[in-house]
Amino acid sequence: MLLMTFINGLTIAALLFIMAVGLNLSFGLLRIVNLTHGSFYLLGGYIGLYVYKATESWIFGIVAAGIVVAIIAFIEEFTLLRRVRGKPTLETLITLSLAIIISDLLIVIWGGNPKTIKIPELLKGYVTLFDANVPIYNIFIFCFACFICLTLWLILQKTKIGMIIRAGVDNFEITSTLGINIQLVFTLVFTAAGFLAGIGGAIGGTYLMVAPGEDWRILTYTLLVIIIGGMGSFGGTIVGSIIIGMIFSFGNVYVPQFSLFLMFAPVAITLVIRPKGLFGRITS
Amino acid sequence: MHTEKEHAIVLRNVNKSFGGVKAIDNVSFILGHDKSAVLIGPNGAGKTTLFNLITGEVPLDSGEIYIFGVDISNSSVQKRSDLGLARTYQICNLFNGMTAEENIYLALNSNEWKSKRNKFPFLTPWQKNKNKMDRIKEVLKSVGLEDKKHILVGNLSHGEQRQIELGMAIAPDPKIMLLDEPMAGLSLTERKFINKLILKLAVKKNIIVIEHDIDFALNITDNIMVLDHGKVIAEGSPESIKGNVEVQKVYKME
């Protein structure tokens, strides 16, 4: 039981990481909290489901979810957010409005009943670890998140674009005076964050469910991860995801009546003691 | 506009207001091809604002700015940087969470330093660009910090941070450098070092320096410009400036 709860916690943490890392990077760069991120997740879930049913290929579903959401994220950044850059209230209102519009459209198109994406044959089944039967799909989500984590880390640390992103997060004001085309980097990061959210939605929809309201639930958990881990911090996102994932899993099993309290309490404490988050450097 | 081509910087009737306050009031000046200048004036005279207007960090209200004959009045900060403009800030403005080496790397953005033959420059490891890595080594050596390249800039001393900032300004080999109080907050030893460094760098570059330490500033050039309430009130050699009645008024009032 203990081991299984731990493994479930890790799975949720992995899923939250896929969601939070993109949101946190785009927050670090653009200094706006993209409230559309949760809708991107749910949209990814529905598109994954739709394409999976149409093509009978789960992989196609996942990739299509990533690509479609990435395109929508690109359009949002390029046509709307770019026009109101530097006006936080307008930026936040735009992301909030889009989130509501997408949520409602999803209900119009796919209805209000919860749906699940079937686990593909290859990832069905269990592996026995000590006394626990661990679903292969849980292991897959964890490995996939590790893959994303490692790839992003390598890009951030070793490549030119990665260095520019880190520079933008570190001191956004001077990047453009150095002749760096920071607008392009904004669009790129925002689109990549959308891609990850779309993929996260399709993968998460296979593990949890695809239903109205999931967008706001995941957005809230993702924001908790960022507040605890630290805004703009890559390492902080990993730690924050694990903390929230574990609290979610253990809380639901052992003290379900307090599970929400248990998730928000560390956030409140973090905000009081260390407003920047455990690893954050950005204050404004 | 062939006359502008002969000059490094030309400002024509440049204006900037913040709210109701005129920060820059109809400023015009010409900085010749091989000239440098010292910008002095009381606090709040508009010196840093003038720098911000030239670099494009703050947009003009009206007027024209040319760099080597190119009208940059409405150009982006990047374009001005590509034309050979670099600056330092009054308060050190660096990437504190990144190493000295990475800071210099980020300053190398002009085409000259881009690796040729590379189809995906964004995704290749940054340390593989030999051109840039050699230049970084050279720059860190010239600012005396070659042994600190792997140290996070936020952990360096204030003087060393100034050295990095100068390194970032000279890295792309700019033609024009705007130095905003490069000596501010430094100890005497550090000042001497930075002084020597700037003199070394000043060769073959147009420099405009904002500096309260007049003796140091006069080492670089004897072309002084005095700004007060957003207006250029005097321009010329130290002697002519000292004899200028308006300048005397401003500095007596201080």
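This is a predicted model, so every value here is computed, not measured. (Residues numbered from 1 in each chain as written. Chains lettered and ligands numbered in written order. Predicted model: local features only at pLDDT ≥ 70, side-chain atom pairs only at ≥ 80, totals over all residues.)

Participant: Can you walk me through the overall build of chain A in this structure?
Facilitator: Helix and strand content of chain A: 11 helices and two strands. Listing each helix as α and each strand as β along chain A from the N terminus yields α-α-α-α-β-β-α-α-α-α-α-α-α. Projected onto its principal axes, the C-alpha coordinates of chain A cover approximately 60 × 45 × 35 Å. The 284 residues of chain A split such that 49% are buried. When contacts within chain A are restricted to residue pairs at least 6 apart in sequence, those whose partners lie at least 24 apart make up 76%. (Helix = DSSP H or I, 4+ residues; strand = E, 2+ residues; numbered from the N terminus. Buried ≥ 20, exposed ≤ 12 C-beta atoms within 10 Å, placed from the backbone. Contact = placed C-beta atoms within 7 Å.)

Participant: Explanation requested: the sheet that holds strand S6 (residues 85–87) of chain B in the structure shown.
Facilitator: Note: strands within a sheet are paired through backbone hydrogen bonds, in either parallel or antiparallel orientation. Residues and elements named next belong to chain B. Spatially, S6-S7-S8-S3-S9-S10 is the arrangement adopted by the six strands of the open sheet, whose pairing is mixed. Looking at which strands have only one partner, the edges of the open sheet turn out to be S6 and strand S10 (231–236). Mean inter-strand twist for the sheet, computed between neighbouring axes without regard to direction, equals 20 degrees. Here strand S7 (residues 176–180) pairs with strand S8 (residues 206–210) via five bridges, running parallel. Among the inter-strand pairings, Met177 is bridged to a residue of S8, identified as Ile207. Contacting strand S3 (37–40), S6, S7, S8 and strand S9 (224–228), helix H2 (residues 47–55) runs over the sheet at an angle of about 150 degrees to S7. (Pairing = 2+ DSSP bridges. Axes fitted to C-alpha atoms, helices over the stretch in contact; angles between N-to-C directions.)

Participant: Whenever I open this one, the nonpolar core confuses me. Can you help?
Facilitator: One broad trend across soluble globular proteins is that nonpolar side chains are buried collectively. Leu16 and Val69 of chain A are the most contacted members of the largest nonpolar core, which has 150 residues in total. Element by element, the count of residues in this core is highest for helix H1 (residues 2–30) of chain A, at 16 residues. Inspection of this core shows a minimum of three residues originating in each of domain 1 (1–84 + 175–186 + 203–254) and domain 2 (96–173) of chain B. In this view, Leu16 of chain A contacts Tyr221, Thr222, Val225, Ser241, Ile244 and Gly245 of chain A; residues no more than four positions away in its chain are not counted. (Core = buried A, V, L, I, M, F, W, Y, C linked by C-beta atoms within 7 Å. Domains from an automatic or database assignment.)

Participant: Where do I start with the sheet that holds strand S2 (residues 21–32) of chain B in this structure?
Facilitator: All names here are of chain B. Strand order in the open sheet formed by four strands is S2-S1-S4-S5, with antiparallel pairing between adjacent strands. One side of each edge strand has no neighbouring strand; the edge strands of this open sheet are S2 and strand S5 (70–71). Relative to S2, strand S1 (residues 7–18) is paired through eight bridges, and the arrangement is antiparallel. From the neighbouring strand, Ile9 faces S2, where its bridge partner is Leu31.

Participant: Please explain the confidence of the model for chain B as it appears in this structure.
Facilitator: Do not read the predicted coordinates in detail wherever pLDDT is low. All names here are of chain B. In the predicted model, chain B carries a mean pLDDT of 83, and 92% of its residues have values of at least 70. Within chain B, the lowest mean pLDDT, 56, falls on helix H1 (residues 2–5), and the highest, 91, falls on strand S4 (residues 62–67). Interface confidence for the predicted complex, expressed as ipTM, amounts to 0.76; the pTM equals 0.82. (pLDDT = per-residue confidence, 0-100.)

Participant: Explanation requested: the interface of chain A and chain B in the structure shown.
Facilitator: It is common to give the size of an interface as the accessible area that goes away when the parts come together. Taken residue by residue, the interface counts 17 residues in chain A and 25 residues in chain B. Looking at the side of chain A that touches chain B element by element, the count peaks at six residues for helix H6 (residues 160–170) of chain A. Taken together, the residues of the side of chain A that touches chain B break down into six nonpolar, six polar and five charged. (Nonpolar A, V, L, I, M, F, W, Y, C, P; charged D, E, K, R; others polar.)

Participant: Whenever I open this one, the domain arrangement of chain B confuses me. Can you help?
Facilitator: Residue and element names in this part refer to chain B. Each assigned domain of chain B is listed with its residue range as follows: domain 1 (1–84 + 175–186 + 203–254) and domain 2 (96–173). Each of domain 1 and domain 2 has a C-alpha centre, and the two are 28 Å apart. Taken residue by residue, the interface counts five residues in domain 1 and six residues in domain 2. Residue classes in the side of domain 1 that touches domain 2 are distributed as three nonpolar, one polar and one charged.

Participant: Even after reading the chapter, I still don't get the packing of helix H10 (residues 234–254) of chain A against helix H11 (residues 259–273) of chain A, so can you show me in this structure?
Facilitator: For any two helices packed against each other, the geometry is given by the interaxial angle and the distance between the axes. Residues and elements named next belong to chain A. Between H10 and H11, the least distance of the axes is 8 Å, while the angle of their chain directions is 155 degrees. Taken together, the axes of H10 and H11 are roughly antiparallel relative to one another. Seen from above, H10 lies across H11 with right-handed handedness. Along the contact surface, H10 presents Ile243, Ile244, Ile247, Phe248, Gly251 and Asn252, while H11 presents Ser259, Leu262, Met263 and Pro266. For the contact of H10 with H11, a count of residues per class yields seven nonpolar, three polar and no charged. (Parallel < 35°, antiparallel > 145°, perpendicular 65-115°, else oblique. Left-handed = near helix turned anticlockwise from the far one by under 90°.)

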